[in-house]
Amino acid sequence: MLDTIERLPDLTCDILFVGGRVIDPETGLDGTRNVGVRGGTITYIGRQRPLADTIVDVTGLVVSPGFIDLHSHAQSPLGQRLQAQDGVTTSMDLEAGTLPVGLYYERAEAEGRPINFGFSSSWALARMSVVDHVRLESEASTDPLVNGVEIFEDNQTLPRWNSLASDYETQQILELVEQGVHEGGIGIGVLLGYSPLSGRDEYYRTAKLAERLGVPAFTHSRQMSNIEPGSSLDGALEILAAAAGTGAAMHICHINSTSLRRIDDVSEAVARSQAQGNRVTTEAYPYARSSTGIGAAFFEPDKLDRMGITPASIEYLPTGERIADVERLVHLRATDPGGLCIIDYLDADDPDDLAKLLRGLTLPGGVIASDAMPLVKSGHHLHDEWPLPDGAFTHPRSAGCFARTFGWLVRELGVFSLNEAVRRCSYAPATIIQDAAPAMRRKGRVQVGADADLTIFDAATISDLATFESVRASTGFQHVLVAGTFVVRDGVLIESAKPGRGIRSQVG
């Protein structure tokens, strides 16, 4: 720690935040302190006031590590501006990932981002490239950067994507995935639930690759069903078995929505696996409605009853309609497989369903992750439009996940303490990936020497404003800094600020 008495005369800060309640989850610090920032790094924490070019009074506000979202498909300047206003300073797509990884980092950095970003190496795109010969991102610098999720959604109904690969094809898939990790991909993203007929051997070999490379695997469970066989419990057990059988660090994505009403069984299995020393982590978001492309394999009409839903449980966002019947569902899946939809997988107004949602959110080893979706208008993914165009739509978690965590789970329901919510939104996600990406050891912390990624908010007023009808930025976030640069100041987004940098793995 900095010796404030001896060092203060020689210390000058670019910015000094005074009078805030500083919370550092790693050390347990929770008290009124002044925080000084210089050159993108936290250089002072204490009760005195070193010299500073700018002094900002944050009395009555919480000074927290910047929030880290491991699961955001909104990897565009537009999506990240909304996330910055939700307190996020690092946003990553580790479930779906992308390919070619190096090109995406290079192009995103050249374009500029308001917050830090990162990708996993995409098993799904590698698989599409090998078995269905899908062309991935163009290397022409003049071509627009297409979101990896958009490529996936547009091609998920191809003939061989959801089928067994040969041994030779599996080896090709894994070679592409490994190349992506060596290009900086933070782990392996495995959209297993969208290709449930892919082989278990292929998944096991993918987990072995993750263990060999020393990176996590981020998995969307193969099964989403309340009914045996092939239930959500089966899907979770496959991931837990891969952790036990390979030693790999396995992360279960949005365990709240993939577990459906089997969350109690899944939670017990996860807890037992963790107690036996397996490296298993989870994530969840605080909504009882989920979102994906309508062409997903688990929306095949004969599978809906296994999820406990009907066509009317699905809202098709491009038109705002509730899907009337099976015939309409079949038509939309054929004509617009990537069309975003909202699914009522639980009812938060039902006490039993609410308890199931909260069970997924409160698992040991769990973090908050938004599963933010791209913003869409007139059938096209939006990229850098600002202000947000009228008629744009997405799931509200894309704009309000973290504010909802503090406004609903902390303030209204009392599910988490303020400190626990801060930990699950910042330090805990950093620890999941810091072995693969050492830069994360300087994030998720308010400590001298840590990166000056800070989220400063009013715990009494923080609220999510986005709804299923209207995309709106959250409120209550007074200041958000990335590398010591204001992205949000006095509650207002600084549109020109682009201090975000790519976070990459470092593997041998």
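To start, this report covers the structure provided alongside it. Every chain's residues receive numbers from 1 upward, in the order its sequence appears when written. Residue-level local features of this predicted model are given only where pLDDT is at least 70; pairs of side-chain atoms are given and counted only at 80 or more, and the full residue set underlies all totals for whole chains, interfaces and linings. Side-chain descriptors were evaluated using all non-hydrogen atoms of the structure, hydrogens and water having been removed beforehand.

Per the convention used, a helix needs a DSSP run of H or I reaching at least four residues, while a strand needs a run of E reaching at least two, with both numbered from the N terminus. Counting secondary structure elements, the protein contains 16 helices and 23 strands. Atoms counted for the radius of gyration: C-alpha only. Globule rule: 2.2 Å times residue count to the power 0.38. Here the C-alpha radius of gyration of the protein, 22 Å, is about what a compact globule of 508 residues would show, namely 23 Å. With the principal axes as the frame, the protein shows a C-alpha extent of 70 × 50 × 50 Å. Here the term buried applies to any residue with accessible area under 20% of the maximum for its type, exposed to any over 50%, and partly exposed to those in between, with areas from a 1.4 Å probe on protein chains only. Buried positions account for 63% of the 508 residues belonging to the protein. Considering only residue pairs separated by 6 or more positions, the protein has 75% of its internal contacts joining residues 24 or more positions apart. Only the protein chains shown count as cover for residues, and all accessible areas are computed by the Shrake-Rupley method using a 1.4 Å probe. By element, 48% of the accessible surface of the protein is carried by carbon and sulfur atoms, the whole surface being about 18300 Å². For this analysis, residues touch if any pair of their heavy atoms sits within 4.5 Å.

In this section: the sheet that holds strand 12 (residues 280–284). Within the open sheet, the eight strands sit side by side as 6-7-8-9-10-11-12-17. Their pairing is parallel. Since the sheet does not close on itself, it has two edges, and those belong to strand 6 (67–69) and strand 17 (366–368), each with one partner. Neighbour to neighbour, the strand axes of the sheet diverge by 25° on average, direction disregarded. Here strand 12 runs beside strand 17; their pairing, made up of three bridges, is parallel. Bridged to Ala284 within strand 17 is Ile368. Interaxial angles span 0 to 180 degrees and are taken between N-to-C directions of axes, which are lines fitted to C-alpha atoms, for helices over the stretch in contact. Set on the sheet, helix 14 (residues 397–412) makes contact with strand 6, strand 7 (88–98) and strand 17; between it and strand 6 the angle comes to about 125°. Taken strand by strand, helix 15 (residues 418–425) contacts strand 6 and strand 17, and its axis lies near 90° from that of strand 17. For two strands to be treated as a pair, DSSP must find no fewer than two bridges joining them.

So, about the sheet that holds strand 16 (residues 340–344). Spatially, 13-16-14-15 is the arrangement adopted by the four strands of the open sheet, whose pairing is antiparallel. Every other strand in the sheet has two partners, leaving strand 13 (289–293) and strand 15 (321–322) as the edge strands with one partner each. Pairing geometry for strand 14 (residues 314–316) and strand 16, over three bridges, is antiparallel. Along strand 16, the bridge assignment pairs Glu315 with Ile342.

Turning our eyes to something else, we now look at the packing of aromatic side chains. Classification of ring pairs uses Phe, Tyr and Trp, with its six-membered ring standing for Trp, and accepts pairs whose centres are within 6.5 Å; under 30 degrees between planes counts as stacked, over 60 as edge-to-face, and the remaining range as tilted. The final tally for this structure, using the stated rule, is 15 aromatic pairs. The interplanar angle of 55° and the centroid separation of 5.8 Å between the aromatic rings of Trp123 and Trp161 together place this pair among those described as tilted. Of this pair, Trp123 sits in helix 4 (residues 123–131) while Trp161 is found in the loop between helix 5 (148–155) and helix 6 (167–182), placing the two residues 38 residues apart along the sequence. Classification of Trp123 as buried rests on a relative accessible area of 1%. For Trp161, a relative accessible area of 0% corresponds to the buried category.

The geometry of helix 7 (residues 200–213) relative to helix 8 (residues 232–246) is characterised by a closest axis approach of 10 Å and an angle of 50° between their N-to-C directions. Of the possible angle classes, the one that applies to helix 7 and helix 8 is oblique. In the packing of helix 7 onto helix 8, the handedness of the crossing is right-handed. In contact with Arg200, Tyr203, Tyr204, Ala207, Lys208 and Glu211 of helix 7, helix 8 contributes Glu238, Ile239, Ala242, Gly245 and Thr246. In this count, Pro and Cys sit with the nonpolar residues alongside Ala, Val, Leu, Ile, Met, Phe, Trp and Tyr, while Asp, Glu, Lys and Arg are called charged and the others, Gly among them, polar. Among the residues making up the contact of helix 7 with helix 8, the classes are represented as five nonpolar, two polar and four charged. Roughly parallel means an angle under 35 degrees; roughly antiparallel, over 145; roughly perpendicular, 65 to 115; everything else is oblique. The crossing is said to be left-handed when, going from far helix to near helix, the turn is anticlockwise and less than a right angle, and right-handed when the turn is clockwise.

The tendency in soluble globular proteins is for nonpolar side chains to be buried side by side. Trp123, Ile188, Met250, Phe299, Phe406, Ile433 and Phe457 are the most contacted members of the largest nonpolar core, which totals 124 residues. Counting residues in each nonpolar core, the second largest holds 18 residues, with Val35, Val446, Ala452 and Leu454 among its members. Throughout this description, the term nonpolar core refers to a set of buried Ala, Val, Leu, Ile, Met, Phe, Trp, Tyr and Cys residues connected via side-chain atoms within 4.5 Å.

Positionally, Thr282 belongs in strand 12. Assessed through its relative accessible area of 0%, Thr282 is described here as buried. Once residues within four sequence positions are removed from consideration, Thr282 is found in contact with His251, Ile252, Ile255, Val270, Leu363, Gly365, Gly366 and Val367.

Most of strand 7 sits out of view: 11 of its 11 residues are buried. Where strand 6 meets strand 7, three bridges bridge the pair, whose relative direction is parallel. Bridge assignment links Phe67 to a residue of strand 7, and that residue is Val88. The pairing of strand 7 with strand 8 (residues 116–122) spans five bridges and is classified as parallel. Paired with Asp93 across the strands is Phe119, a residue of strand 8. Crossovers are marked right-handed if the path from the first strand over the helix to the second runs clockwise, as seen with the strands pointing away from the viewer. Following the chain from strand 7 across helix 3 (residues 101–111) to the adjacent parallel strand 8, one finds a crossover that is right-handed.

Further remarks concern empty space enclosed by the protein. Here a cavity means grid points, on a 1 Å grid over the protein atoms only, where a 1.4 Å probe fits yet cannot get out; a pocket means an open set of points with protein on both sides within 12 Å along at least five of seven lines; lining residues are those with an atom within 4 Å of a point. Grid points are joined across faces, edges and corners, and a volume is the space filled by probe spheres set on the points. Summed over the entire model, instances satisfying the criterion amount to two cavities of 30 Å³ or more. Estimates place the volume of the largest cavity at around 260 Å³. Sorting elements by how many residues they give to the lining of the largest cavity places strand 13 first, with four residues. Here the lining of the largest cavity is built from residues that sort into 14 nonpolar, 10 polar and four charged. The computed volume of the second largest cavity comes to approximately 40 Å³. Along its surface, the second largest cavity is lined by Ser221, Gln223, Ser232, Ala236, Ile252, Ile255, Thr258, Ser259 and Val266. Among the elements of the structure, helix 8 and helix 9 (255–259) are those that each provide at least two residues to the lining of the second largest cavity. Sorting elements by how many residues they give to the lining of the second largest cavity places helix 9 first, with three residues. For the lining of the second largest cavity, the per-class residue count stands at four nonpolar, five polar and no charged.

This brings us to the environment of Asn162. Considering the arrangement of structural elements, one finds Asn162 in the loop between helix 5 and helix 6. Its relative accessible area of 18% is what places Asn162 among the buried residues. For the pair formed by Asn162 and Val367, sequence separation is 205 residues and the distance between their alpha carbons is 30 Å. Those residues within four positions of Asn162 in sequence are excluded, and the remaining contacts are Tyr194, Ser195, Pro196, Leu197, Ser198 and Ala297.

Just distances and angles here, no functional claims.
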